[in-house]
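Each chain, letter by letter, is given below.
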Amino acid sequence: MMIDPPIDKLIKKAECRYALVCGVAKRARQLETQYPEVLEKSGKKSISYAAEEVYNGGVEVKRDNQ
């Protein structure tokens, strides 16, 4: 269970829960493939690190316009 960042405040960073989950998962995959050294330094799992980035405003979750 994720405690930090608080999920109720994290949800407010995206249009809907689905967009939030997709955005955080996409960023987590990107971290694993492109920046594994950042994850090693932090000692966190990719999903936790990505959620923190969204919560702190370092990564913005946007909807694709098709």
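Refer to the preceding data block for the structure.
One structure accompanies this document, and this report is about it. Everything quoted here is computed from the prediction, not taken from an experiment.

### What about the packing of aromatic side chains?
- Using the criterion set out here, one finds zero aromatic pairs in the structure.
- Note that Lys 13 overlies the ring of Tyr 55, its terminal NZ or CZ placed 5.8 Å from the centroid.

### Some details on the environment of Val 24
- The residue Val 24 is located in helix H2 (residues 17-34) in this model.
- Residue classification places Val 24 among the buried residues on the basis of a relative accessible area of 6%.
- Distance in space between the C-alpha atoms of Val 24 and Ser 46 is 9.3 Å, their sequence separation being 22 residues.
- Filtering out sequence-adjacent residues up to four positions away, Val 24 remains in contact with Ile 47, Ala 50, Ala 51 and Val 54.

### Brief notes about the side chain of Ser 46
- Topologically, Ser 46 is positioned in helix H4 (residues 46-56).
- With residues up to four places along the chain from it excluded, the contact list for Ser 46 reads Ala 28, Leu 31, Glu 32 and Leu 39.

### As for the side chain of Arg 27
- When you line up the elements, Arg 27 lands in helix H2.
- A distance of 2.6 Å separates a polar atom in the side chain of Arg 27 from a polar atom in the side chain of Gln 30.

### Regarding the nonpolar core
- Counting twelve residues, the largest nonpolar core consists of Leu 10, Ala 14, Ala 19, Leu 20, Val 24, Ala 28, Leu 31, Leu 39, Ala 50, Ala 51, Val 54 and Val 61.
- When contributions to this core are tallied by element, the ones reaching two or more residues are H2 and H4.
- Counting residues per element, this core draws most heavily on H2, at five residues.

Parameters at a glance
Residues numbered from 1 in each chain as written. Predicted model: local features only at pLDDT ≥ 70, side-chain atom pairs only at ≥ 80, totals over all residues. Heavy atoms only, no water. Phe/Tyr/Trp six-rings, centres within 6.5 Å; stacked < 30°, edge-to-face > 60°. Lys NZ or Arg CZ within 6 Å of the ring centre and 35° of its normal. Helix = DSSP H or I, 4+ residues; strand = E, 2+ residues; numbered from the N terminus. Buried < 20%, exposed > 50% of the residue type's maximum accessible area, 1.4 Å probe, protein only. Contact = heavy atoms within 4.5 Å. Polar contact = N/O pair within 3.5 Å; in protein donor to acceptor, adjacent residues only side chain to side chain. Core = buried A, V, L, I, M, F, W, Y, C linked by side-chain atoms within 4.5 Å.

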